[in-house]
Amino acid sequence: MAAPFPGAAAVFFEEIHMQHQPFPPLVRLVSFGFLHSPPPPEAHVVVDLRPHFRDPHVAPELRQLTSVDPRVRAHVLNTPGIGALVEAITATALAMASGPARADVVIAIGCAGGRHRAPTVAREVAERLEGREDVDVQPDNRHLTRPVANRRIHRSRTPWET
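Treat the numbers as computed from the prediction; the structure is a model and nothing was measured.

1. Concerning the confidence of the model for the protein chain
Right, so step 1: Summarising the model, the protein chain shows a mean pLDDT of 84, and 80% of its residues fall at 70 or more.
Right, so step 2: Confidence scores differ between elements of the protein chain, with helix 1 (residues 8–19) showing the lowest mean pLDDT of 55 and strand 2 (residues 45–48) the highest of 97.

2. Quick look at the packing of aromatic side chains
Aromatic ring pairs: the centre-centre distance and the angle between the two ring planes describe each pair.
Right, so step 1: Overall, the coordinates contain one aromatic pair when judged by the stated rule.
Right, so step 2: In this structure, R50 is placed above the aromatic ring of F34, and the distance from its NZ or CZ to the ring centre is 3.6 Å.

3. Examining the nonpolar core
Right, so step 1: Residues V27, L49, I89, I109 and V121 are the most contacted members of the largest nonpolar core, which totals 27 residues.
Right, so step 2: Those elements that provide at least two residues to this core are strand 1 (26–33), helix 3 (70–77), helix 4 (82–97), strand 3 (105–111) and helix 5 (117–129).
Right, so step 3: Looking at which element gives the most residues to this core, the answer is helix 4, with seven residues.
Right, so step 4: If we skip the residues at most four places from it in the chain, V27 touches A93, A97, V105, L129, V135, D136, V137 and Q138.
Right, so step 5: V30, F32, A43 and A108 belong to the second largest nonpolar core, which has five residues in total.

4. Notes on helix 5
Right, so step 1: For helix 5, built from 13 residues, the straight-helix expectation of 18 Å at 1.5 Å per residue is met to within 8% by its first-to-last C-alpha distance of 19 Å.
Right, so step 2: By the criterion of burial, helix 5 is predominantly enclosed, with ten of the 13 residues buried.
Right, so step 3: By the burial criterion, the buried members of helix 5 are R117, A118, P119, T120, V121, A122, E124, V125, A126 and L129.
Right, so step 4: Residues of helix 5 that are buried make contact with strand 1, helix 3, helix 4, strand 3 and strand 4 (136–141).
Right, so step 5: At the exit of helix 5 stands G131, carrying a positive phi of roughly 90 degrees.

About the thresholds
Residues numbered from 1 in each chain as written. Predicted model: local features only at pLDDT ≥ 70, side-chain atom pairs only at ≥ 80, totals over all residues. Heavy atoms only, no water. pLDDT = per-residue confidence, 0-100. Helix = DSSP H or I, 4+ residues; strand = E, 2+ residues; numbered from the N terminus. Phe/Tyr/Trp six-rings, centres within 6.5 Å; stacked < 30°, edge-to-face > 60°. Lys NZ or Arg CZ within 6 Å of the ring centre and 35° of its normal. Core = buried A, V, L, I, M, F, W, Y, C linked by side-chain atoms within 4.5 Å. Buried < 20%, exposed > 50% of the residue type's maximum accessible area, 1.4 Å probe, protein only. Contact = heavy atoms within 4.5 Å. Expected span 1.5 Å × (residues − 1).

This is how it looks when you write it as structure tokens:
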């Protein structure tokens, strides 16, 4: 089947069509806790914060709080590497949303309980994306209000603690 507009007209039509999409792609940022559920199956990208970034859960004064509390946010955002990760997730979301299909993007960000690290990172990415004309953003904090997940804190022994 031939293109509806041959040659330069087709290019012009495509440019106009892409510039005047009725709605920009939606970037859904799903924060969750692996102790409550696996990553959402619709996720295009899954970021697992558990093995790489310190967990506020181990600090007794932060354990019962959530990412809504400024102390938890500060604790998470001051962790080395988190700023670079937030930038990388933001860049990934924008790159995927700007592809030729301009399809919606689902990025799942998980930590152990879904109350501290994951929702903080998701919120930080959402703040960077909000107000842009090329994407809409929708945070979805699945486990933020769940009770604290009870778990054993495993600590490695150092050689001098034997």
